[in-house]
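What the coordinates show
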Amino acid sequence: LWARDGIPCLEAVLVGTAGNSFTHKSDEVIRDAVLNFMQEAMGLETDIRETCTDCHSTRWEEDPFSKGAYSHMCLGALSRHVDELRCPEWDGRLIFAGEATLLEYEGSVHAALFSGKNAAESVHSHAIAHQRVLAGNTRDDD
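All of the points below concern the structure found in this document. (Residues numbered from 1 in each chain as written. Predicted model: local features only at pLDDT ≥ 70, side-chain atom pairs only at ≥ 80, totals over all residues. Heavy atoms only, no water.)

**Quick notes on the nonpolar core**
One broad trend across soluble globular proteins is that nonpolar side chains are buried collectively. Grouped together as the largest cluster of nonpolar side chains are 6 residues: F22, I30, V34, L35, M38 and I48. Discounting chain neighbours no more than four positions away, the residues touching L35 are I48, R49 and C52. (Core = buried A, V, L, I, M, F, W, Y, C linked by side-chain atoms within 4.5 Å. Buried < 20%, exposed > 50% of the residue type's maximum accessible area, 1.4 Å probe, protein only. Contact = heavy atoms within 4.5 Å.)

Encoded structure:
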């Protein structure tokens, strides 16, 4: 994961009690707590705050639309269930995307971005096929 300009980026996901305890806290409080935890957990002697150039906190649990909801794989779920969730409907006119539709990076922003790219490619392919049908040309070699 690279944030920008070749600078490595670290993603910390706070869930459960840890996530709840930082609701409505400032970015600085969250940043310091995460960096302190990392410092202690890794047994680092140098202060990692000096190398942290920026911090961004998402606040899904405070979002009035998602209210902190996210997808997850239930016990007994199989990869084919994710594949089926991603399947287009209505002859390819309804395409699904989102972090729940891509098994790799499941539940992350990465999955949402990659699945969005895949969905856009599907929409584009469907549009081209539809244009060919309307033009009376169904061959793939044009």
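**So, helix α2 (residues 27-42)**
Helix length check: α2, at 16 residues, gives a terminal C-alpha distance of 22 Å against a target of 22 Å (1.5 Å per residue), a fit within 8%. Those residues of α2 not exposed but buried are I30, V34, L35, M38 and Q39. Buried residues of α2, viewed axially, fall in a sector of 160°; they line one side. Residues of α2 that are exposed and point over 90 degrees away from its buried face: E28, F37 and E40. Looking at the residues trailing α2, positive phi occurs at G43, about 65°. (Helix = DSSP H or I, 4+ residues; strand = E, 2+ residues; numbered from the N terminus. Expected span 1.5 Å × (residues − 1). Arc of directions from axis to C-beta.)

**A word on the side chain of T101**
By the secondary structure assignment, T101 is in the loop between α3 (79-86) and α4 (109-135). T101 sits in the buried class, given a relative accessible area of 4%. A distance of 2.7 Å separates the side chain of T101 from the backbone oxygen of G98, its partner in a polar contact. (Polar contact = N/O pair within 3.5 Å; in protein donor to acceptor, adjacent residues only side chain to side chain.)

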